[in-house]
Amino acid sequence: GANGNDEAGAPSHGYSFSGSGSAYIFKRDGTSWIEQQKLTADDADPGDNFGFSVSIDGDYAIVGASFDFNNSSIFSGSAYIFKRDGTSWSQQQKLIASDADYDNRFGTSVSIDGDYAIVGADGDDGGSGSAYIFVRSSTTWTEQQKLTASDATAPGDSLGISVSISGDYAIVGAVGNDDKGSDSGGAYIFSRSGTTWNMQHKLYPHYYEGPSLIGPGARFGQSVSIDDEYVLVGAPGHNSGSGGALLFKRGAFWSSTSWELVSSFYASDENSGDWFGHSVDLGGRHAIVGAPYNDDDGTNSGSAYLFQSVTIPSSLP
């Protein structure tokens, strides 16, 4: 975030029902990161999964609680906005989907940028999934639009498993999309015009990368990150679970409304089952990719890979 803050989530240990969950704000002081505050929901209940997802930008943070009960609906989910005043963070508003329903899991993923926030609900519509845009006016956040895939087919696409927003653009992952084979995955770009968000582009690798880059089980869209005109998408199931991540740029080679693949990232020491690409984040010309099942320091000890000064080609290879 702009103020040097970062945030970490602590959900109730996966899907247990013993803890309501929490999130922690850390602030950088020189080369050290110091815990500034622990965040909890003002209506916390056991099993809410508060902290399942987190995002921060400037003086605002958003925390997902994907198993929260709302409108008498089990696991409908919610998300909470926190605002910083000096060194203190306080809950500003609880966000709930206008059509909250059983097992929507609203809050599975969250992202915030400026006056806009996006919340994924991968269990919505029987598992086809959706995402919701909220906009801030003064101290109030209002649902602006529900996002769905124009080509949504059968339940199980899990649109909203991942979300990211930057300026007038948002990206939503659909890890269960089957266009390139079972659970090959997909990701959708939405762009804002006034108060309306339209699906602009569905991401696919270009032909020159080879047909096997995204195939059955790749889970492309498990993670997404957008920063200005670049998006990074993780595909942790690629190549027997060794994984990969793909970088796209808006208007790289063709039209300004087209997002084209410009680079692909893999672990230098890739191994089957590491799930490189399970999490990604993009900032400027730097990218970080998580591999939670890497075994370097013990079974499933996990690791992350930092890519610096990413080089973008100026034309097709």
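Check the entry above for the structure.
Description of the structure in this document. Just so you know, these numbers come straight off a predicted model, no measurement behind them. (Residues numbered from 1 in each chain as written. Predicted model: local features only at pLDDT ≥ 70, side-chain atom pairs only at ≥ 80, totals over all residues. Heavy atoms only, no water.)

### Some details on the overall build of the chain
Note the threshold: Here a helix means four or more residues in a row that DSSP labels H or I, a strand means two or more in a row labelled E, and each is numbered from the N terminus. Note on classification: 1.4 Å probe, protein chains only; a residue is buried when its accessible area is under 20% of the maximum for its type, exposed when over 50%, partly exposed between these limits. Whether two residues are in contact is decided by their heavy atoms: any pair within 4.5 Å suffices.
Each helix and strand in the chain was counted, giving 2 helices and 22 strands. The burial tally for the chain puts 50% of its 317 residues in the buried class. Contacts in the chain between residues far apart in sequence, at least 24 positions, make up 49% of those at least 6 positions apart.

### Points about the nonpolar core
The following threshold applies: Throughout, nonpolar core names a set of buried Ala, Val, Leu, Ile, Met, Phe, Trp, Tyr and Cys residues whose side chains join them through atoms within 4.5 Å.
In this structure, Ile-171, Leu-203, Phe-220, Val-231, Val-233 and Phe-248 are the most contacted members of the largest nonpolar core, which totals 18 residues. Secondary-structure elements contributing two or more residues to this core are β13 (169-174), β14 (187-193), β16 (223-227), β17 (230-235), β18 (244-250) and β19 (259-265). Here this core gets 3 residues from one element, more than from any other, and that element is β17. Counting residues in hydrophobic clusters, the runner-up holds 17 residues, among them Tyr-230, Val-262, Phe-265 and Val-289.

### Details of a negative patch on the surface
Test applied: Patches here: salt-bridge-free residues with over 30% relative accessible area, like charges joined within 9 Å, nonpolar side chains (Val, Leu, Ile, Met, Phe, Trp, Tyr) joined within 5 Å. Methods summary: accessible areas were calculated by the Shrake-Rupley approach with a probe of 1.4 Å, and residue burial reflects only the protein chains presented. Any Lys or Arg side-chain nitrogen found within 4 Å of a carboxyl oxygen on Asp or Glu counts as a salt bridge. In this tally, Lys and Arg are treated as positive and Asp and Glu as negative; His is ignored, and so are the chain termini. Just so you know, the charge point we use is NZ for Lys, CZ for Arg, CG for Asp and CD for Glu.
Taken together, the side chains of Asp-269, Glu-270, Asp-295, Asp-296 and Asp-297 present a region of like negative charge at the surface. With respect to the helices, strands and loops of the structure, Asp-269 is situated in the loop between β19 and β20 (279-283).

### Considerations on the sheet that holds strand β5 (residues 60-65)
Our working rule: Only strands joined by at least two bridges in the DSSP assignment are considered to pair. Geometry is summarised by axes, namely lines fitted to C-alpha atoms with helices restricted to the contacting stretch, and by angles between N-to-C directions that run from 0 to 180 degrees.
One open sheet holds the 4 strands; their spatial order is β4-β5-β6-β7, and the pairing between them is antiparallel. Looking at which strands have only one partner, the edges of the open sheet turn out to be β4 (50-57) and β7 (88-95). The mean angle between the axes of side-by-side strands here comes to 25°, regardless of whether they run parallel or antiparallel. Bridge count between β5 and strand β6 (residues 78-85): 6 bridges; the pairing is antiparallel.

### What about the packing of aromatic side chains?
The line we're drawing: Each Phe, Tyr or Trp ring, with Trp reduced to its six-membered ring, pairs with another whose centre is within 6.5 Å; inter-plane angles below 30 degrees give stacked pairs, above 60 give edge-to-face pairs, and intermediate values give tilted ones.
One pass over the structure, following the stated rule, counts 14 aromatic pairs. An aromatic cluster is defined as three or more aromatic residues linked by ring pairs; in this entry it consists of Phe-265, Phe-276, Tyr-305 and Phe-307.

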